[in-house]
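Observations on the three-dimensional arrangement
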Amino acid sequence: MNDQDPTIDTLLHESRSFPPPPEFAAAAHANDPAIYDQADADWEGWWERWASRLQWDQPWQQVLDWQAPYAKWFVGGKLNASVQCLDRHVDAGHGNRVAYYWEGESGDKRTLTYADMLAEVCHTANALKELGVQRGDRVTLYMPMVPELAISVLACTRIGAIFSVVFAGFSATSLQDRIQDQEAKLVICADACSRRGKCLDLKAVVDEAVANCPTIEKVLVWHRGAGVASASPVSDREVAWEDLVPRQKDQCPPASMDAEDPLFILYTSGTTGKPKGIVHTTGGYLTGALATSKLVFDLKPAQDVYWCTADIGWITGHSYIVFGPMANGVTQVMYEGAPDYPAPDRFWSLVDDYKVSVFYTAPTAIRAFMKWGDEHPEAHDLSSLRLLGTVGEPINPEAWMWYRNKIGHDLCPIVDTWWQTETGGIMISPLPGITATVPGSAMHTFPGVEARLLDQEGKEVEGAGGGYLVLTRPWPSMLRGLWRDPERYEETYWSRFPGKYFAGDGAKRDEHGNLWVLGRVDDVMNVSGHRLSTMEIESALVAHEAVAEAAVIGVAHDLKGQAPVGFVILRGGFEATPELAQTLRQHVATEIGGLARPEAVHFTPELPKTRSGKIMRRLLRDVAEGKALGDLTTLADPGVLTGLKQEYESA
Ligand code: WT7
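So, here is what we can say about the structure in this document. Everything numeric in this text was worked out from a predicted model, so none of it was measured. (Residues numbered from 1 in each chain as written. Predicted model: local features only at pLDDT ≥ 70, side-chain atom pairs only at ≥ 80, totals over all residues. Heavy atoms only, no water.)

Judged by nonpolar contacts, the single largest core of 163 residues is most densely connected at M117, F297 and F323. Two domains each put at least three residues into this core: domain 1 (10-509) and domain 2 (528-650). Residues within four places of M117 in sequence aside, it is in contact with L86, A99, Y100, L112, A150, I151, L154 and M326. Counting residues in hydrophobic clusters, the runner-up holds 27 residues, among them I366, L385, W400 and M401. (Core = buried A, V, L, I, M, F, W, Y, C linked by side-chain atoms within 4.5 Å. Buried < 20%, exposed > 50% of the residue type's maximum accessible area, 1.4 Å probe, protein only. Domains from an automatic or database assignment. Contact = heavy atoms within 4.5 Å.)

Here's what the structure looks like:
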């Protein structure tokens, strides 16, 4: 394609598309465009064929029972999730295939085969039983990226317990809220983890959280041993992993679960201060994870080494580190640590060492790599790579081109995958053996999925144009609701455009029919590919004694995509000092987690509000991004904003 080796600028200027390399297409699982029409013609049948590749204990009687907005897929079917990921491969004679090559930040290494994983999962599942965990009980996991996290996830599914992973960067308060909401019986955690060489005491966070969680009966602690030591004292509910798990039996019969039994709860931010507990069920979720990872990542179990750089604490890790790749029986790399530790070439040295062939990361990481310099990828042999993916936020065409050129050496297709915690699996993406990709566009819906763009009134935008992104057919891996909150489920996703799933994103369709997801249209921001609620950060700010009122917005940020910025009205007696701004930033980090720490906190005597008292966040964003102020007629007091703009600009 690039005989002349044109510069990235020229390529961008031409806004050309990149067809799959012929050799890639020839060998790809999906290389016939007819797959789209076939799936559309009978989408229930399409998903049913994917479901039948799983191993069921009992077949379903009905593919789909759709009582909008409630779906049941594969009604009456029974299966176990861990069997799909483990036993199926071991029984087929692939027990010696590597499941995970794990590497820690300081270079320690472990290799676990599928047979090893099965044995570990059975030990852990038996241990959970001994701790009194039963089918349907909730188990909260708070662990860094170690194999024991994937093992714990699968062990819960083995016995039919509902697991809920809380990203180990979340605060004690956030962890406690989630445990309380789901009324968990057990927490599994690690004692500590290391980040850029610094030891973080995770057990101390858990101790603080469970102090207020009467439903928790036990805390199972995995100790990492030498190197990273935790100093927090042992509590009386605590059980040491090493005392309990290794002495368990090698076998644990898998619980036969209903297709619609909950598999996990994963919390994500919404437009209010309270996170939503997204519920996924067993049969449909696994069907979606299996199908999308096979076709979008073109996974070839005997050849590929696949590496997704996400954390299992997010949906990406659930679907594309645990269930999707493992259901496909592929070999993976799992890395616990920062991309720039000990040096900015860490990822590329891992790709080189493990001969990674399929690599999936986030635009925010790609922008950081661009900033760190081309010499880092150039120092390593990246020729094992054959396919690249991105997820989490829109990817700017510059970053896309850099990724293609510097990492993929213009040889690897790029799949820009749009989806959400709620969708469970990829909904919009190229298929790498079919789609001619355009930098910055997620291209087309996955076969069987249907998306539409709607205007304010709910009228369909046909042809080229922009609108609200909705999904118009149920799909197997869709959320089944919010944990014990059906009203909020109906209200959040199904009320804006009745009968259609409203994703909360805006998108446009270009003249070639390609989809471009533009970003959130609600009070949710996307910071480094992580979803944060403005209201949640505002609640954290007003919880501080110095704060009378707060407004938070996401402002454009070069590396993170967006970054939170707070505007704060102080209570009487508190002085607006840089130290207090610092304190408030740290306060948010302590309340929610480091990822929510505002980039800046500005003090203001007033906030721009509508006459009905609603904070006009859009206007604050204009101030923060230095834009012209535009129409202020809906404001109760337009003077507030001009004053704010002057202060902001002189700060
Ligand atoms: C939101 C979902 C899906 C796993 C990671 C985030 C944004 C995600 C893309 C993409 C443009 C994207 C959307 C979406 N998003 N992928 N390829 N292009 N935007 O999961 O925390 O549930 O967030 O992330 O705004 O709604 P999440």
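Still to come is the rest of the account.
Right, let's talk about the packing of helix α4 (residues 43-51) against helix α11 (residues 282-296) for a bit. The interhelical angle for the contact between α4 and α11, taken along N-to-C directions, is 90 degrees, at an axis separation of 9 Å. Judged by the inter-axis angle, α4 sits roughly perpendicular to α11. Mapping the contact onto sequence places W46, W47, W50 and A51 in α4 and T287, L290, A291, K294 and L295 in α11. Of the residues in the contact of α4 with α11, the class split is seven nonpolar, one polar and one charged. (Axes fitted to C-alpha atoms, helices over the stretch in contact; angles between N-to-C directions. Helix = DSSP H or I, 4+ residues; strand = E, 2+ residues; numbered from the N terminus. Parallel < 35°, antiparallel > 145°, perpendicular 65-115°, else oblique. Nonpolar A, V, L, I, M, F, W, Y, C, P; charged D, E, K, R; others polar.)

A separate point is the site of the ligand. Around the ligand, 18 residues are found, and the nearest of them are D416, T417, T421, D505 and R531. Backbone polar atom of T417 to a nitrogen atom of the ligand: 2.8 Å apart, as the coordinates give it. Between the ligand and D505, the relevant distance is 2.5 Å, taken from an oxygen atom to a side-chain nitrogen or oxygen of the residue. Here the ligand has 550 Å² of accessible area as a free molecule, and 95% of this is covered by the chains. Considering only residue class, the shell around the ligand consists of six nonpolar, seven polar and five charged. (Near = heavy atom within 4 Å. Polar contact = N/O pair within 3.5 Å; in protein donor to acceptor, adjacent residues only side chain to side chain. Areas by Shrake-Rupley, 256 points an atom, 1.4 Å probe, with all protein chains shown as cover.)

With antiparallel pairing, the four strands of this open sheet are ordered in space as β21-β22-β24-β25. Both edges of this open sheet fall to β21 (451-454) and β25 (515-520), since each of them pairs with a single strand only. Ignoring which end each strand starts from, the neighbouring axes of this sheet average 45 degrees apart. In the sheet, strand β24 (residues 501-509) pairs with β25 via five bridges, with the strands oriented antiparallel. Following the sheet pairing, A507 is matched in β25 by V517. (Pairing = 2+ DSSP bridges.)

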